[in-house]
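In case you want the letters, here they are:
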Amino acid sequence: MKKHNFYAGPSILPGYTIEKTIEGIKDFAGTGLSVLEISHRSKEFIECMNDTIALVKEMLDVPAGYQVIFLGGGASLQFAMVPMNLMNKKSAYLVTGEWASKAFKEAKLYGDAVEVASSKDKNFSYIPKNYTVPADADYFHVTTNNTIFGTQLKKDPDVAVPVAADMSSDIFSRPVDVSKYSLIYAGAQKNLGPAGVTVIIIKEDVLGKVTRPIPTMLDYRTHIKAESMFNTPPVFAVFAAQQTLRWLKDLGGVKAMEKRNKEKAALLYDEIERNKLFVPTVKDPEDRSLMNVCFVMADEYKELEKPFSDFAKSKGMIGIQGHRSVGGFRASLYNALPKESVIALIEVMKEFELKN
Ligand SMILES: *Cc1c(COP(=O)(O)O)cnc(C)c1O
């Protein structure tokens, strides 16, 4: 039976990425060696790294004055690296979910991190509006897509201080105006490749302004200077990311991707609204994530949660269990998820409704 991969992360990758990665495992760039055993200092891998960086810049239209680096440590390491490198005294955080809360917690270790707004009062089911970012903050941190709670910040923030954004779960899913951000980071394992690498896009002029000593490995300048080769980079994960970026480019880039993603999400949200068994957890359509669609059973049908879960699984729907802090269901519709999978899930929801 066909499996439909709705996992939140690591998550579905394009068939192209899987195929090209298999080829590279057997023979990387015509070297006769596997990408798993190639030196990161080989001419072929340096080329791969440079091309992957160039593709990130091309896909997101990264302006001059920005650098792209690839690091290990996951997006979670960025929660600490951002304040360590950017905060002298004060920073501001928009607390919109679990990842945002974790980022905020790390920032407090390095100075006066303030919460400008939070949606915790309603279990992070909306994006706070009408907040003020202190003018003396060294940066303002946002999480553009809240993977666990299914909300998304769809407008680039327009504030007077530098913006740092965790885009782990919606990078490359739509165009963003990179010039509105001073730093963007994203773990690869949602829209880019396998786990093991984090992409960072950074405006160089925000660096070098803090007085604290920064360990060499945790200083962005180290990795910019060494072109992501200060130490051994995650060779395999970068290679796989390159394949996904080629696939993305071939499909027409982030603009074409956004169109597809909007279509997929609209189909599923419409069904959740229509189907008597389900309700969306995010009420305001403006705040709804196009990447992670969260829904629960309607009050009258709460006892059907487990039966629906089992039914969906029996039909090949994988990874639709909601995060334990939300319950219910979450279908992740990342770039690589085909529309056919969304249609298949909708069919399952309709079939289950008829049976009940
Ligand atoms: C998955 C995720 C993270 C955590 O990424 P790791 O690479 O596991 O550290 C952080 N932020 C967001 C928004 C995520 O979706």
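In case you missed it, the structure is sitting above this.
## Focus on the packing of helix H3 (residues 74–86) against helix H4 (residues 98–107)
One can describe the packing of H3 onto H4 by two numbers: an axis separation of 8 Å at closest approach and a directional angle of 40 degrees. Taken together, the axis directions place H3 and H4 in an arrangement best described as oblique. By crossing handedness, the relation of H3 to H4 is classed as right-handed. Facing H3, whose interface residues are Ser76, Phe79, Ala80 and Pro83, H4 presents Trp99, Lys102, Ala103, Glu106 and Ala107. In terms of residue class, the contact of H3 with H4 is made up of 6 nonpolar, 1 polar and 2 charged.

## Regarding the environment of Ala8
Relative to the helices and strands, Ala8 is located in the loop between strand E1 (4–5) and helix H1 (15–26). Each C-alpha atom, one on Ala8 and one on Asn292, is 7.4 Å from the other, the two residues being 284 residues apart in sequence.

## A look at the sheet that holds strand E2 (residues 66–71)
Across the sheet, which stays open at both edges, the 7 strands sit in the order E2-E10-E9-E8-E5-E3-E4 with mixed pairing between neighbours. Across the chains shown, the open sheet's two edge strands, defined by having one partner strand only, are E2 and strand E4 (112–118). Averaged over all neighbouring strand pairs, the angle between strand axes comes to 20 degrees, with direction disregarded. By the bridge criterion, 4 bridges tie strand E5 (residues 140–143) to strand E8 (residues 163–166) in an arrangement that is parallel.

## Describing the nonpolar core
Core analysis: the biggest nonpolar cluster contains 52 residues, and Leu60, Phe70, Phe140, Phe172 and Ile201 have the highest contact counts within it. The contacts of Phe140, once residues within four sequence positions are left out, are Ala92, Tyr93, Leu94, Val116, Tyr131, Val133, Pro157, Val159, Val161, Pro162, Val163 and Ala164.

## Digging into the pairing of strand E3 (residues 90–95)
Most of E3 sits inside the fold, with 6 of its 6 residues counted as buried. Residues Lys90, Ala92 and Leu94 line one face of E3 and the alternating positions Ser91, Tyr93 and Val95 line the opposite face, and both faces are buried. With 6 bridges joining them, E3 and E4 adopt parallel strand pairing. Counted as the bridge partner of Ala92 is Val114 from E4. Of the crossover connections in this fold, the one passing from E3 over H4 to the parallel E4 is right-handed. Two strands pair when backbone bridges link them, and E3 and E5 are joined in this way by 2 bridges, in the parallel orientation.

## Remarks on the sheet that holds strand E14 (residues 329–332)
Taken in spatial order, the 3 strands make up an open sheet running E11-E12-E14, and their pairing is antiparallel. The outermost strands of the open sheet, each flanked by one partner alone, are strand E11 (278–280) and E14. Between one strand and the next, the sheet's axes are offset by a mean angle of 35 degrees, whatever the strand orientation. Two elements, strand E12 (residues 292–297) and E14, share 4 bridges in a ladder whose sense is antiparallel. Pairing of Asn292 across the sheet is with Ser332, part of E14. Strand contacts of helix H7 (residues 253–274): E11, E12 and E14, with the helix running at about 10 degrees to E12, the strand carrying the most contacts.

## Quick word on the side chain of Ser173
Residue placement: Ser173 occurs in the loop between E8 and strand E9 (183–187). A residue is classified by how much of its surface remains accessible, and Ser173, at 4% relative accessible area, is buried. Polar side-chain contacts of Ser173 include one of 2.6 Å to the backbone oxygen of Asp170. Not counting chain neighbours up to four residues away, the residues in contact with Ser173 comprise Gln152, Asn191, Val254, Met257, Glu258, Asn261, Met291 and Asn335.

What counts and how
- Residues numbered from 1 in each chain as written.
- Predicted model: local features only at pLDDT ≥ 70, side-chain atom pairs only at ≥ 80, totals over all residues.
- Heavy atoms only, no water.
- Axes fitted to C-alpha atoms, helices over the stretch in contact; angles between N-to-C directions.
- Helix = DSSP H or I, 4+ residues; strand = E, 2+ residues; numbered from the N terminus.
- Parallel < 35°, antiparallel > 145°, perpendicular 65-115°, else oblique.
- Left-handed = near helix turned anticlockwise from the far one by under 90°.
- Contact = heavy atoms within 4.5 Å.
- Nonpolar A, V, L, I, M, F, W, Y, C, P; charged D, E, K, R; others polar.
- Pairing = 2+ DSSP bridges.
- Core = buried A, V, L, I, M, F, W, Y, C linked by side-chain atoms within 4.5 Å.
- Buried < 20%, exposed > 50% of the residue type's maximum accessible area, 1.4 Å probe, protein only.
- Right-handed = clockwise from strand over helix to strand, strands pointing away.
- Polar contact = N/O pair within 3.5 Å; in protein donor to acceptor, adjacent residues only side chain to side chain.

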